[in-house]
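Listed below, chain by chain, are the residues.
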Amino acid sequence: RREALRSAESFAAVLSVRADLDTLATYDVVLLDPAPYEPADLDRLREAGTLALGYVNIGEVESWRPFADRVDPDWVIGANPDWEGHEFVDAREPGWRQLVVETAAREVQRRGFGGLFLDMADVAVIYPETEAGMVTLIRELRAAYPDLVLVMNRGFPLLDSLDGVIDGLLVEGVWIGADLDTGVAVETGEAEREVLLGYLRDVRRAGGAAFVIDYAQTDEQTAAVRAAARREGVPVFVGDIDLGRLR
């Protein structure tokens, strides 16, 4: 699985809907919300040679998840103003870490995914006092699921502490990001882009995998992002802000 992750040339991410399995099977790596998929679906993707990563939010409780009512209100440290129904959770809380490891991630494993996609590690950036707890949580996931690959979304300050723990890094908006208030595509400035590419290059030099999600809206933007990603040698998926369709 780790070699398949590192050698991937094509990548797709669909989180808000169930995607067509035949289309997903044309990609090397896919990032999916686990809820719409059953073990038989993952068997089909695996047989096609597609490595599927199941979404796990390690920094927030999402109100619609089946285990949301098991989150102690005392663990919540703030509301995410950009996404309704999302609340930031303190990773220093052992109860939260146990819920993520034994419930959220376990369900991803049960459905047959080959890896975990760890979203919202950046809660440790918003609340730096929780950084040690976030590192502990990711290390606990590694210990609990040694056969699954782990790909983290951003969480740059954690990278040094997670050397040899995660298998890959995903960065959003390297060339074109999105304004979360308006959903409009926004070109990333050159200085910021070089910083983001620097993190991806460092991970690859260390033997890890690198992926990008950008949010271009026009055909011209999409073509430009894909060309830039090819030059960089990194798999990119160009999607809508809600990652609701393949394109």
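On a predicted model such as this, the values are computed, not experimentally measured, just so you know.

1. What about helix H4 (residues 94-111)?
- The terminal C-alpha atoms of H4 lie 25 Å apart, and with 18 residues this matches the ideal 26 Å at 1.5 Å per residue to within 8%.
- At Ala105, H4 shows its largest bend, some 30 degrees.
- When we look at burial in H4, the residues that qualify are Trp96, Arg97, Leu99, Val100, Val101, Ala104, Ala105, Val108 and Arg111.
- Elements in contact with the buried residues of H4: helix H3 (39-47), strand S3 (51-57), strand S4 (60-62), strand S6 (86-89), strand S7 (115-119) and helix H6 (131-144).
- Remark: Gly112 follows H4 within two positions and exhibits a positive phi of approximately 100 degrees.

2. Focus: H6
- Between its first and last C-alpha, H6 extends 20 Å over 14 residues, near the 20 Å set by a 1.5 Å rise per residue.
- Gly133, Met134, Val135, Leu137, Ile138, Leu141 and Arg142 are the residues of H6 that are buried.

3. Describing the pattern of salt bridges
- On inspection of all chains with the given rule, the structure shows 17 salt bridges.
- In this structure, the salt-bridge partner of Asp41 is Arg18, at a minimum N-O distance of 2.9 Å. Remark: Arg18 occurs in the loop between strand S1 (11-14) and helix H2 (21-24) and Asp41 occurs in helix H3; sequence separation between them is 23 residues.
- Overall, the relative accessible area of 11% leaves Asp41 in the buried class.
- A residue is classified by how much of its surface remains accessible, and Arg18, at 43% relative accessible area, is partly exposed.
- When the shortest N-O distance is used, the salt bridge between Asp202 and Arg205 registers 2.4 Å. You can see Asp202 and its partner Arg205 sitting in helix H7 (residues 190-205), three residues apart, about one turn around the helix.
- Connected via shared salt-bridge partners are Glu38, Glu107, Arg110 and Arg111.

4. As for the packing of H4 against H6
- It is the contact of H4 with H6, at a shortest axis distance of 10 Å, that shows an interaxial angle of 35 degrees. Note on packing geometry: the crossing formed by H4 with H6 is right-handed. Along its contact with H4, which presents Trp96, Arg97, Val100, Val101 and Ala105, the element H6 presents Gly133, Thr136, Leu137, Glu140, Leu141 and Ala144.
- Here the contact of H4 with H6 is composed, by residue class, of seven nonpolar, two polar and two charged.

5. A look at the sheet that holds S4
- Overall, antiparallel pairing links the three strands, which are arranged S4-S6-S5 in an open sheet. Either end of the sheet is taken by a strand with one partner, and the two such strands are S4 and strand S5 (76-79). Shown here is a sheet whose adjacent strand axes are inclined to one another by a mean of 35 degrees, direction ignored.
- In this structure, S5 lies alongside S6, joined through three bridges in antiparallel fashion. Counted as the bridge partner of Val76 is Val89 from S6.

6. Things to note about the packing of aromatic side chains
- Scanning the model with the defined rule gives four aromatic pairs in all.
- Seen from their ring centres, Phe11 and Phe211 are 5.0 Å apart, and the 45 degrees between their planes marks the pair as tilted. Of this pair, Phe11 sits in strand S1 while Phe211 sits in strand S12 (residues 209-214); the two residues are 200 residues apart in sequence, bridging distant segments of the chain. You'll find Phe11 and Phe211 in the same group, each marked buried.
- Ring geometry for Tyr55 versus Phe117: centroids 6.1 Å apart, planes at 35 degrees, classification tilted. A residue pair is termed long-range when its members are at least 10 positions apart, and Tyr55 in strand S3 and Phe117 in strand S7 qualify at 62 residues.
- The exposure class of Tyr55 is buried, given its relative accessible area of 9%.
- With relative accessibility at 3%, the residue Phe117 sits in the buried group.

What counts, and where the lines are drawn
Residues numbered from 1 in each chain as written. Predicted model: local features only at pLDDT ≥ 70, side-chain atom pairs only at ≥ 80, totals over all residues. Heavy atoms only, no water. Helix = DSSP H or I, 4+ residues; strand = E, 2+ residues; numbered from the N terminus. Expected span 1.5 Å × (residues − 1). Bend = angle between axes of the 7 residues up to and from the residue. Buried < 20%, exposed > 50% of the residue type's maximum accessible area, 1.4 Å probe, protein only. Contact = heavy atoms within 4.5 Å. Salt bridge = Lys/Arg side-chain N within 4 Å of Asp/Glu carboxyl O. Axes fitted to C-alpha atoms, helices over the stretch in contact; angles between N-to-C directions. Left-handed = near helix turned anticlockwise from the far one by under 90°. Nonpolar A, V, L, I, M, F, W, Y, C, P; charged D, E, K, R; others polar. Pairing = 2+ DSSP bridges. Phe/Tyr/Trp six-rings, centres within 6.5 Å; stacked < 30°, edge-to-face > 60°.

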